[in-house]
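Coordinate analysis (summary)
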Amino acid sequence: MAMQSRPPVVAIMGHVDHGKTSLLDAIRKTNVAGGEAGGITQHIGAYQIEYNKRTLTFLDTPGHAAFSKMRSRGAKVTDIVILVVAADDGVKPQTIESIQHIQSSGVEYIVAINKIDMPGANIINVKSQLAEHNVFLEGFGGNVSAVEVSAKTKQGINDLLDLILLTADVKDLQADPDGDLKGVVIESGKDAHTGTYATVLVQNGSLVPRQEVFVDGSKERIRLMQDAALKTVPKATPSMPVRVQGFSSIPVIGAIVASTSQIHEMETPSEAVTPAGDKMLKVILKTDVVGSQEALVGSLPATIEIIASGVGEVTESDVLLAQTTGSRILAFNVKVPKSVDELSQTHNVKIKAYKIIYEMLEDIDKVLFVLANPHANEEVLGKAEITAQFDIKGDRIAGCKVTEGEIKRGQNILYKLIRAGEIIATPKIRSLKTGKADIETMKAPGECGLVFRGTVPFKIGDTIECYQLKEV
């Protein structure tokens, strides 16, 4: 196995009508909107171009929802984001949304100031507006790179591509084409003629036809792979997007495609063990008017991290941003549409609506108290002593004797691994067993086996505490 340089994966975001699609068309020197130009016969969500004898991968405007959905599943797909802002229109609501999503993800980004050929273009005004939203460009007090372009005249396009490659070189992007396969579904659906399909972006290893893979743990076989021109692809290597046929069901956006069902746990042990530490309350604030927004932002304690704030009703994009950043949504004098409320419940995002400012501030004080006193809202359900260790089919199982209450599994059930009175880890449980059977609960004085997610440093004699958090 040997790590090798791989092409950068680039996404383009920004406000509607600011020229995202036109910019992509200029980059690939085709006009998709005008027909099946340049051999692009079907939208697969991504494509590659060659520039200066190097390859670049572009995600075809995934949008905030897809961007957030991939992030919420831990799928770090994008290396660089191009934030497109029209020189004649400036910063608009979706520009602000894009900035919030980009900055909360921590992804590297470049600003493309588009439509510089338009009569009303005002580049200085755009740069000033961006600074108001914490995007500080080079020469304007910051280090965010910006390129002035015109998708229409092609001015600045090569400069933008050069900057993308320079940014990629600094990031030193690498992958192992001969290593374990890992890819991410960036688009999926069902075609009337060919059936179920998914666009998979390979991140490590290689993908070939007739290969057996696991899609979110379910075994599938690759039948056919095609590129953006629907030409058959014999092999897909890191950073290459391919349209795959052969999956038995439509995979969700962000689903992991891997050569083994265990790759999630092998590569993301941090998801299994969460170290104890200080927590900060993260909020997304939506208000009826700018005056309310300014008043609330000025009243919130300094210990609160405001991920985003804006005027208007709560949107699905707000919920997805809240999920990926671990935030709760505070709504003041604005509506929460039914569809948004249902989405928040699906993604376990808290939305609290208020009509009186001091009630919001009182609730925030209560939550801050709990964060400062992390055990204040814990309800202990049971305790168990680890009495044995078993290794079965690669799983390290902790044999336990329940000493108090009950040990159970569930969406809101949490666990602590305790040794000599100290919390060693806060593991996640993959399954709870008695013999070979999976169970949901075991009461004292019963015995059970715990299968952890990832690597958990347990020892015989440790205590497992099972608890849940009371609503705050």
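Our subject is the structure listed above.
Please read all numbers here as calculations on a predicted model, not as lab measurements. (Residues numbered from 1 in each chain as written. Predicted model: local features only at pLDDT ≥ 70, side-chain atom pairs only at ≥ 80, totals over all residues. Heavy atoms only, no water.)

Okay, the packing of aromatic side chains next. On inspection of all chains with the given rule, the structure shows two aromatic pairs. Aromatic side chains Tyr47 and Phe58 sit 6.0 Å apart centroid to centroid with 20 degrees between the ring planes, which places their arrangement in the stacked category. One end of the pair, Tyr47, is in strand E3 (residues 46-51); the other, Phe58, is in strand E4 (residues 54-59), and 11 residues separate them in sequence. Neither residue differs from the other here; Tyr47 and Phe58 are each classed as buried. Residues Phe452 and Phe458 carry aromatic rings whose centres are separated by 5.5 Å and whose planes lie at 40 degrees to one another, so their mutual orientation is tilted. An identical accessibility class is assigned to Phe452 and Phe458; each is buried. Against the face of Tyr197 rests Arg243, its NZ or CZ located 3.9 Å from the ring centre. (Phe/Tyr/Trp six-rings, centres within 6.5 Å; stacked < 30°, edge-to-face > 60°. Helix = DSSP H or I, 4+ residues; strand = E, 2+ residues; numbered from the N terminus. Buried < 20%, exposed > 50% of the residue type's maximum accessible area, 1.4 Å probe, protein only. Lys NZ or Arg CZ within 6 Å of the ring centre and 35° of its normal.)

With that settled, consider the side chain of Arg6. Within the secondary structure layout, Arg6 lies in the loop between strand E1 (4-5) and strand E2 (9-14). On the basis of relative accessibility, which here comes to 19%, the residue Arg6 falls in the buried class. Among the polar contacts listed, one links the side chain of Arg6 to the side chain of Asp79, at a separation of 2.8 Å. In this view, Arg6 contacts Asp79, Leu173, Gln174, Ala175, Pro238 and Ser239; residues no more than four positions away in its chain are not counted. (Polar contact = N/O pair within 3.5 Å; in protein donor to acceptor, adjacent residues only side chain to side chain. Contact = heavy atoms within 4.5 Å.)

With respect to the element layout, Gly189 can be found in strand E9 (residues 182-191). Note on Gly189: relative accessible area 11%, which makes it buried. Between the C-alpha atoms of Gly189 and Ile253, which are 64 residues apart in sequence, the distance is 9.8 Å. Apart from the residues lying within four places of it in its own chain, the contact partners of Gly189 are Gly195, Thr196, Tyr197 and Ile250.

Attention now moves to the pattern of salt bridges. According to the stated counting rule, one finds 14 salt bridges in the structure shown. Of the charged contacts, one joins Asp169 and Arg54 as a salt bridge, the two residues approaching to 2.8 Å between their closest N and O atoms. Of this pair, Asp169 sits in helix H5 (residues 157-171) while Arg54 sits in strand E4; the two residues are 115 residues apart in sequence, bridging distant segments of the chain. Taking relative accessible area as the criterion, Arg54 reaches 32% and is therefore assigned partly exposed. Glu212 serves as the salt-bridge partner of Arg221, at 3.1 Å between the closest nitrogen and oxygen. (Salt bridge = Lys/Arg side-chain N within 4 Å of Asp/Glu carboxyl O.)

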